[in-house]
Amino acid sequence: MADHTGTGKPWSATSELHLKGDASHPGYRRYLEEVCQQNPQIFIELSSVCNFHCFYCESPNHNRKSQIDDETFYSVVDQVCRMTTQPIRLHCDGEPTVHAKFYDYAKAVNARGKRINLVSNGSNLQRRFLDLKMDIGIHLSTTEAEFRKRSTLPFDRYLGGMREYLTEWLGSPAEQNIHYNVYLTSSDRGSAGEMARVRNFVNGFLETAGLRRGIADDAAPNSNWFTRRKKNGYRFRLSARNIASGGMYPDVEAKKPVTLPRDFGFCDSPWKRLVVLSDGSLQPCCLDLKGTLTYTRPEEVRSKSLHDLWHNDARIKGIRDEMLRGEINHPTCQKCLERLPSRELYAAFAEKFEPADAGSDEGSERPLTDSRTA
């Protein structure tokens, strides 16, 4: 590792840089290994091909394009359903619903007792999808000008499809949670007029879908704006979220200054997220759409246990060991952490880390070199 300290030693041999987030706690490694790694979020990428070209997404900027085949899907679906209690995510790069067998694959996951988590652009919603036990998140564009940065489809047709699916959901027994997100840039958030326009557009959209106009005049960015719960307990939510920028996302906002060494940092995704890419290779990250972090060859998933490839393979163990030492050596990981001033990434997870349950040094700062034996 390079010398960033002026002492002739790598930073990990000094006490100058410490983690300050959850990984600073001596019990965090145990949480990662005994909780997260044993019950990971699992993604099966059905299609890295996308029918949109969203300006805030890296997908249009690489040529790793393929769709999963039957042999690969059915060689992993039984295994992943045994490896986690969490919903199975049928996305990573691309638009999953453009796969000709999306519905069949989704039904296969449901038949094995698992719900589906899906991120979609909403362009190919079909009435039969309401049969699926699924939680779906979709970006709702609010102007034709923004939508042109995402697709060549007619804007009215796109909105009509989003509205129709929501209306059908309201009148059906579908066991689905639906979440529509409006993305806001810093320019949007800084303009009272634009925020008023967005709120008015959303109210009109809700009304034409059969819902009440429920967006308050002071509805704030980065918050939930509307919720409707059906009698069966499933709900529709509409939120306004700050658009992601930098790191693994295109720079649609001003870049943040990088003040810490690029080979310093931490990410807990290698314990929390197992991604089966459409060609069958594995990687421990859902943000790397280019597939640069794969640690297996595509054919291995058809001849080796997915459990062993996740828990015991020397290559994934090496990735985790580097993280525990605070070493960020892969260029993709270095780039990803640039959008975080702390250079520490903590992925959302079903079971949260509770420092009080993991030891008595809550809030302590520890050198990364110590974290190897935590």
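Refer to the structure above for everything that follows.
Our subject in this report is the structure included herewith. (Residues numbered from 1 in each chain as written. Predicted model: local features only at pLDDT ≥ 70, side-chain atom pairs only at ≥ 80, totals over all residues. Heavy atoms only, no water.)

### Things to note about the sheet that holds strand β3 (residues 88–89)
So, point 1. Taken in spatial order, the 9 strands line up as β7-β8-β6-β5-β4-β3-β2-β10-β11 in an open sheet, and their pairing is mixed. Edge positions in the open sheet fall to β7 (223–229) and β11 (282–283), since each of these has one partner strand only.
So, point 2. As paired elements, strand β2 (residues 41–44) and β3 share 2 bridges and run parallel to each other. Along β3, the bridge assignment pairs F43 with R89.
So, point 3. Helix α2 (residues 70–83) rests against β2, β3 and β10 (273–276) of the sheet, and its axis sits at about 165° to β2. (Pairing = 2+ DSSP bridges. Helix = DSSP H or I, 4+ residues; strand = E, 2+ residues; numbered from the N terminus. Contact = heavy atoms within 4.5 Å. Axes fitted to C-alpha atoms, helices over the stretch in contact; angles between N-to-C directions.)

### Topic: helix α7 (residues 192–208)
So, point 1. In this model, α7 (17 residues) spans 25 Å end to end at C-alpha, consistent with the 24 Å of a helix rising 1.5 Å per residue.
So, point 2. Along α7, the residues that are buried comprise M195, V198, R199, F201, V202, N203, F205 and L206.
So, point 3. Of the surrounding elements, those touching the buried residues of α7 are α5 (155–170), β6 (176–184), α6 (186–189), β7 and β8 (235–242).
So, point 4. Where α7 terminates, the next one or two residues include G210, which has phi positive at roughly 100°. (Expected span 1.5 Å × (residues − 1). Buried < 20%, exposed > 50% of the residue type's maximum accessible area, 1.4 Å probe, protein only.)

### A closer look at the environment of K304
So, point 1. Inspection of the secondary structure assignment puts K304 in the loop between β11 and α9 (306–311).
So, point 2. Residues within four places of K304 in sequence aside, it is in contact with Q79, L309 and R315.

### Overview of the pairing of β2
So, point 1. Here β2 shows no split at all, with Q41 and F43 on one side and I42 and I44 on the other all buried.
So, point 2. As paired strands, β2 and β10 are joined by 4 bridges and run parallel to one another. Of the residues in β10, the one forming a bridge with Q41 is R273.
So, point 3. In this fold, β2 hands off to α2, which returns the chain to β3; that crossover is right-handed. (Right-handed = clockwise from strand over helix to strand, strands pointing away.)

### Brief notes about the packing of α2 against helix α3 (residues 102–111)
So, point 1. Where α2 contacts α3, the two axes come as close as 11 Å, and the packing angle between them is 15°. Judged by the inter-axis angle, α2 sits roughly parallel to α3. Relative to α3, the crossing made by α2 is right-handed. Between α2 and α3, the residues in contact are D70, F73, Y74 and V77 and Y105, A108 and V109, respectively.
So, point 2. Taken together, the residues of the contact of α2 with α3 sort by class into 6 nonpolar, no polar and 1 charged. (Parallel < 35°, antiparallel > 145°, perpendicular 65-115°, else oblique. Left-handed = near helix turned anticlockwise from the far one by under 90°. Nonpolar A, V, L, I, M, F, W, Y, C, P; charged D, E, K, R; others polar.)

### As for the side chain of E95
So, point 1. Residue placement: E95 occurs in the loop between β3 and α3.
So, point 2. Buried charge without a partner: E95 forms no salt bridge, and the closest opposite charge is R150, 7.6 Å away.
So, point 3. Polar contacts involving the side chain of E95 include one to the side chain of S120, which spans 2.9 Å.
So, point 4. A polar atom in the side chain of E95 sits 2.8 Å from the backbone nitrogen of N121.
So, point 5. Sequence-distant contacts of E95, defined by excluding residues within four places in its chain, comprise S47, V49, C50, N51, S120 and N121. (Lys, Arg positive; Asp, Glu negative; His and termini not counted. Salt bridge = Lys/Arg side-chain N within 4 Å of Asp/Glu carboxyl O. Polar contact = N/O pair within 3.5 Å; in protein donor to acceptor, adjacent residues only side chain to side chain.)

### Brief notes about the nonpolar core
General note: in soluble globular proteins, nonpolar side chains tend to be found buried as a group.
So, point 1. In this structure, L90, L140, Y180, F236 and L238 are the most contacted members of the largest nonpolar core, which totals 70 residues.
So, point 2. The dominant element in this core, judged by the number of residues it contributes, is α5, at 7 residues.
So, point 3. Sequence-distant contacts of L90, that is, excluding residues within four places in its chain, are made with I44, L46, P96, F102, A106, V109, I116, N117 and L118. (Core = buried A, V, L, I, M, F, W, Y, C linked by side-chain atoms within 4.5 Å.)

### Notes on the pairing of β7
So, point 1. Bridge analysis of β7 against β8 gives 6 bridges, and the strand direction is antiparallel. From the neighbouring strand, S223 faces β8, where its bridge partner is A240.
So, point 2. Here β7 folds back onto β8, and the loop between the two strands holds 5 residues, one of which, G233, carries a positive phi near 95°.

### Focus: the packing of aromatic side chains
So, point 1. With the rule as written, the count across this model stands at 21 aromatic pairs.
So, point 2. Note on Y28 and Y31: the rings are 5.3 Å apart at their centroids and 35° apart in plane angle, and the pair reads as tilted. Residue Y28 and its partner Y31 are located together in helix α1 (residues 28–36), separated by 3 residues, close to a single helical turn.
So, point 3. Between F147 and Y158, the ring centres sit 4.3 Å apart and the planes meet at 25°, which makes this aromatic pair stacked. Of the two residues, F147 is situated in helix α4 (residues 144–148) and Y158 in helix α5; the sequence distance between them amounts to 11 residues. Side by side, F147 and Y158 carry an identical accessibility label, which is buried.
So, point 4. Put simply, the rings of Y28, Y31, F266, W271, Y346 and F353 pair up and form one aromatic cluster.
So, point 5. The ring of F43 carries the charged tip of R89 above its face, separated from the ring centre by 5.7 Å.
So, point 6. Against the face of F55 rests K149, its NZ or CZ located 5.4 Å from the ring centre. (Phe/Tyr/Trp six-rings, centres within 6.5 Å; stacked < 30°, edge-to-face > 60°. Lys NZ or Arg CZ within 6 Å of the ring centre and 35° of its normal.)

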